[in-house]
Each structure stands twice: as C-alpha cells, then as structure tokens.
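Chain residues, written in single-letter form:
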Amino acid sequence: MGHWFSRNIVEPGKLPMLLALTSFVLTFLVTRAVTRLIRAGKGPFRNVSSGGLHIHHVVPGVVLTILGGFGAVASDRHGVGAAVFAVVFGIGAGLVLDEFALILHLDDVYWSDEGRKSVEVVVLTAALVLLTLGGFSPLGVNDMTSEERQNRTVFLLTVVLNFLIVLVTLVKGKLRMAVFGILVPFVAIVGAVRLARPGSWWSRHLYGRRHRARARSRIRAYRHDKRWTKVRRRVQDLIGGFQERVPGRGSTPS
C-alpha cells in the first residue's frame, strides 16, 4: 500500500491535490454538522456576527481560498509549502461552496430548496477532483498511447470529437453528463444521442416544429425526474441536513 501511494500519489506530485480534496470534503461535512447544531440550538456553537452584521462562513472561505490558491501557485508540488497551502485552499473551497446557493441567488437560501444547489456543486466538485486524482485527463487524452500522441491527426481528432459530443450534450440540457464527459472519454455520447431536455437550447431551436419529438422529450424528462428526484433529494437531505423544513428563508448559521 505504501509503495502504491508513493508511486501513484507522491512521485507524480498529486499529494497536494489529495490533501486539498480531503480538507475540502472534511470542511464541508464539519461545516454542515456545525450549522445543523446551531439551527437546532444544541452545542456550544453560535452564529458569528460583528456589530449586528451576520457574517456567513463564505467570507473566511474566500480569504482562505485566495491565500491557498496563490500560495499553491508559488510553491513546488513536492514541497511542504504546497501541502500546507493545499489544505488551506481545500478548507476555503469547502466553506465557499457550502454557500454556493447563497452566492448564486444573492439571498439567504441555505436551508431552502434553492440551497440544495450547494450540496450538488460540492458533490460534483469532489467527484471531478477524484477523477482527476485517479488519472483522468480532460477530453480523454490520458487514454492515448505515446505512439498515438505522436500522431497529431489521431490526437486532434480524438480531442475534437469528444469536445463536440460534450458540446451537444451540454446544449441538450444535460450539464452533469457533459461535465463528466470532459474527464471520462465518450461518456457524454449517451446524452448526445438521446432526446434533449425540455427548455434546453436544443429543444427550443430544433424541436420547434417537431411536435412528436418535443412531446417525447417532455414525457421522458418527466419519467426520469419522477424516478430520480426523490432519490437525489434523500441523498441531499442526508448530506446537507434538509430533513427539518423551515418555512420561508431564515437566517443561515455559519
């Protein structure tokens, strides 16, 4: 195990990324636990305020992200400084993305349905970083042999083809699959060949006169959402602590 860790993580200079990912996930989980305790009125934790102004944890998160980001850029990937700044960056990113919905809506939506966007973004970010840490490269370049990379034609065709597939998937309204398709080659082809989601660019511009295709896309989207929305919400409830509903948009603990 030690040999594998040294060969695949330390030697390629991936240790800072691993530390950043670990601190990012742990910070998000700890932050969610603390905010749930504050919301329930349990434990020693309280909201942070200054002069009557409620300070959200996205504020120190931005500061830590900036410090960690610039520090990592100025450090060597194999040095102690890079590891320290990676942890600082991960903590800052965890605090910032935990309140992603607040930044997106410019409103206190932490415990509302809009606040679920924060959980989605954190899970998606962690998954993408984990894929990158595992060796996946953008647009599937990592799957090419050294001989294929020397052949510029094959190299460019592979990149361009996968990029077009990702682009089609994106304009069909399938953002998650498009994002994963950037790292995992040709995964997005599933979304590219299937019907576009209602309201997407593809649906508005190419299904205008194709009434049957538009109707089928709505039915398929309805069935898909009916099947998976409940599952996704349960996972979000478990991770983000949305079990207890609060009417309206209350104060966000931080």
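Scroll up to find the structure.
Given the structure is predicted, the values throughout are model-derived calculations rather than measurements.

What counts and how
- Residues numbered from 1 in each chain as written.
- Predicted model: local features only at pLDDT ≥ 70, side-chain atom pairs only at ≥ 80, totals over all residues.
- Heavy atoms only, no water.
- Helix = DSSP H or I, 4+ residues; strand = E, 2+ residues; numbered from the N terminus.
- Buried < 20%, exposed > 50% of the residue type's maximum accessible area, 1.4 Å probe, protein only.
- Contact = heavy atoms within 4.5 Å.
- Areas by Shrake-Rupley, 256 points an atom, 1.4 Å probe, with all protein chains shown as cover.
- Salt bridge = Lys/Arg side-chain N within 4 Å of Asp/Glu carboxyl O.
- Phe/Tyr/Trp six-rings, centres within 6.5 Å; stacked < 30°, edge-to-face > 60°.
- Lys NZ or Arg CZ within 6 Å of the ring centre and 35° of its normal.
- Axes fitted to C-alpha atoms, helices over the stretch in contact; angles between N-to-C directions.
- Parallel < 35°, antiparallel > 145°, perpendicular 65-115°, else oblique.
- Nonpolar A, V, L, I, M, F, W, Y, C, P; charged D, E, K, R; others polar.

Looking at this structure, I do not really get the overall build of the chain. What am I missing?
When helices and strands are tallied, the chain shows 12 helices and two strands. Reading the helices (α) and strands (β) of the chain from amino to carboxyl end gives α-α-β-β-α-α-α-α-α-α-α-α-α-α. Residues counted as buried form 34% of the 254 residues belonging to the chain. Residue pairs in contact within the chain that sit at least 24 positions apart in sequence constitute 64% of those at least 6 positions apart. When the accessible surface of the chain is summed, it comes to about 15500 Å², and 67% of that surface belongs to carbon and sulfur atoms.

Looking at this structure, how should I read the pattern of salt bridges?
Opposite charge on two side chains permits pairing when their charged atoms draw close. Tallied over the full model, the rule gives eight salt bridges. Of the charged contacts in the structure, one is a salt bridge between Asp225 and Arg197, with a shortest N-O distance of 2.9 Å. Pair noted here: Asp225 is in helix α12 (residues 211-240) and Arg197 is in the loop between α10 (189-193) and α11 (201-206), with a separation of 28 residues, a long-range link. By relative accessible area, Asp225 is classed as partly exposed at 27%. A cluster of three or more residues bridged by salt bridges with shared partners is formed by Asp113, Arg116, Arg233 and Asp237.

Just to check I follow, could you spell out the packing of aromatic side chains for this structure?
Centre distance and the angle of the planes are the two values used to describe a pair of aromatic rings. Applying the stated criterion across every chain, the model contains one aromatic pair. Taking 4.9 Å as the distance between ring centres and 85° as the angle between the ring planes, the aromatic pair formed by Tyr110 and Trp111 counts as edge-to-face. Each member of the pair, Tyr110 as well as Trp111, carries the same accessibility label: buried. Looking at Arg32, its charged tip hangs above the ring of Trp111, at a distance of 5.7 Å from the centre. Directly above the aromatic system of Trp202 lies the positively charged group of Lys172, at a separation of 4.7 Å from the ring centroid.

It is not clear to me how the packing of helix α6 (residues 116-133) against α12 should be interpreted in this structure. Could you clarify?
To characterise two packed helices, one gives the angle between the axes of the helices and the distance between these axes. α12 packs onto α6 with a crossing angle of 90° between their chain directions and a minimal axis gap of 10 Å. Of the possible angle classes, the one that applies to α6 and α12 is roughly perpendicular. Side by side, α6 and α12 meet where Arg116, Val119, Glu120 and Val123 of the first sit next to Arg232, Arg233, Gln236, Asp237, Ile239 and Gly240 of the second. When grouped by side-chain class, the residues that make up the contact of α6 with α12 number three nonpolar, two polar and five charged.

Geometry only, nothing functional implied.
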